[in-house]
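Listed below are the residues making up each chain.
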Amino acid sequence: MDSQAPVTDLDFAVLTPSLSLLAARGLARNYRRGTVLIEEGSQGDSLYLVLSGSLRVYGCDSRGREVTYGIYGVGEYVGEMSLDGGLRSASVITEEPSRCVLLTRASLLAHIAAHPEFALELLTKVIRRARAATLSTKQLALNDVYGRLRALLETTSASGSDILLTHQAMAQRLGCSREMVSKLVKDLEQGGYLTRISNGRYQRLRDLPTRW
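Quantities reported herein were computed from a predicted structural model and do not represent experimental measurements.

Thoughts on the overall build of the protein chain
- A tally of helices and strands in the protein chain yields seven helices and 11 strands.
- Seen along its three principal axes, the alpha-carbon backbone of the protein chain occupies a region of about 55 × 35 × 30 Å.
- Per-residue burial for the protein chain yields a buried fraction of 41% across its 212 residues.
- The long-range fraction of contacts in the protein chain, counting pairs at least 24 apart against all pairs at least 6 apart in sequence, stands at 66%.
- For the protein chain, the distance from the average position of its 26 positive side-chain charges to the average position of its 22 negative side-chain charges is 5 Å.

Structure representation (structure tokens):
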């Protein structure tokens, strides 16, 4: 952790009015890249609201292999799943230098008491993430590795922008080995479907085949 200070007017500028009111109840902190904010299995009663940078939510097995559940940026918050008093269900790490507001369970409950409408916003967020987790589990169960890679690449490049994912990041998102991703990406490059612009940066040239 680099520093801690009250939330500033500049911080409020990147948030919605609803989240600005919530952020005012916490303290803003700056974190270096690679800082673990939450550890899976730990006890915790706080959440982090992102003001700048991005956070990666992931799980890890006994052999140290990771799977990424999501990347969250400005205006998103993580850690809400443990507010029921249970253990943390995932770990959270900063993907880049980040600034977040740390909010305790007590401050969140006080905010909901003062602004009951926020409870629906929070519930909607939890439901959306539960649906995303269900879809991810379904893909892991029903798709082979290529099918999951195809879905990831098409989603990442849906807006027409380049694909900004390293092979390791793809592997973490797909729940497979880096070597498997490297082989599939190389095959797609040779087939004229992808082109490498730089390390960790690709461009999709045409629609990917349904099966490989």
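Concerning the packing of helix α5 (residues 145-156) against helix α6 (residues 167-174)
- Packing of α5 against α6 brings their axes to within 10 Å, and their N-to-C directions diverge by 115°. The orientation of α5 relative to α6 falls into the category roughly perpendicular. The hand of the α5/α6 crossing is right-handed. Between α5 and α6, the residues in contact are R148, L149, L152 and L153 and M170, R173 and L174, respectively.

Some details on the sheet that holds strand β3 (residues 36-38)
- Across the sheet, which stays open at both edges, the four strands sit in the order β3-β8-β5-β6 with antiparallel pairing between neighbours. In this open sheet, the two strands that pair with only one neighbour each are β3 and β6 (66-72). For this sheet the average axis-to-axis angle between neighbouring strands, irrespective of direction, equals 30°.
- Strand direction decides the pairing type here: β3 and strand β8 (residues 91-94), joined by two bridges, are antiparallel. Each residue of the ladder has a partner; that of I38, found in β8, is V92.
- Contacts from α6 reach β5 (55-60) and β6 within the one sheet, and its direction differs from that of β6 by about 100°.

Points about the state of the cysteines
- This structure, assessed with the given rule, holds zero disulfides.
- Cysteine C60 shares no disulfide, and the gap to the nearest cysteine sulfur, in C176, comes to 15 Å.

Re the packing of α6 against helix α7 (residues 178-190)
- Two elements in contact, α6 and α7, have axes separated by 8 Å at closest approach and are oriented at 115°. Considered as vectors, α6 and α7 are oriented roughly perpendicular to each other. The handedness of the crossing between α6 and α7 comes out as right-handed. Contacts from H167, Q168, M170, A171 and L174 of α6 reach α7 at R178, V181, S182 and V185.

Points about the side chain of H111
- Considering the arrangement of structural elements, one finds H111 in helix α3 (residues 105-114).
- If near-sequence neighbours (up to four positions away) are discounted, H111 is found in contact with S18, L21, L22, R25 and F118.

Observations concerning the pattern of salt bridges
- Within the structure shown, the criterion is met by nine salt bridges.
- Here E95 makes a salt bridge to R56, at a shortest N to O gap of 3.2 Å. Within this pair, whereas E95 is found in the loop between β8 and β9 (98-104), its partner R56 is found in strand β5, the two being separated by 39 residues in sequence.
- With a relative accessible area of 33%, E95 lands in the partly exposed category.
- The salt bridge involving K183 is made with D187; its shortest N-O contact spans 3.3 Å. Highlighted residues: K183 and D187, both in helix α7, separated by four residues, approximately one helical turn.

The rules behind the values
Residues numbered from 1 in each chain as written. Predicted model: local features only at pLDDT ≥ 70, side-chain atom pairs only at ≥ 80, totals over all residues. Heavy atoms only, no water. Helix = DSSP H or I, 4+ residues; strand = E, 2+ residues; numbered from the N terminus. Buried < 20%, exposed > 50% of the residue type's maximum accessible area, 1.4 Å probe, protein only. Contact = heavy atoms within 4.5 Å. Lys, Arg positive; Asp, Glu negative; His and termini not counted. Charge placed at Lys NZ, Arg CZ, Asp CG, Glu CD. Axes fitted to C-alpha atoms, helices over the stretch in contact; angles between N-to-C directions. Parallel < 35°, antiparallel > 145°, perpendicular 65-115°, else oblique. Left-handed = near helix turned anticlockwise from the far one by under 90°. Pairing = 2+ DSSP bridges. Disulfide = S-S within 2.5 Å. Salt bridge = Lys/Arg side-chain N within 4 Å of Asp/Glu carboxyl O.

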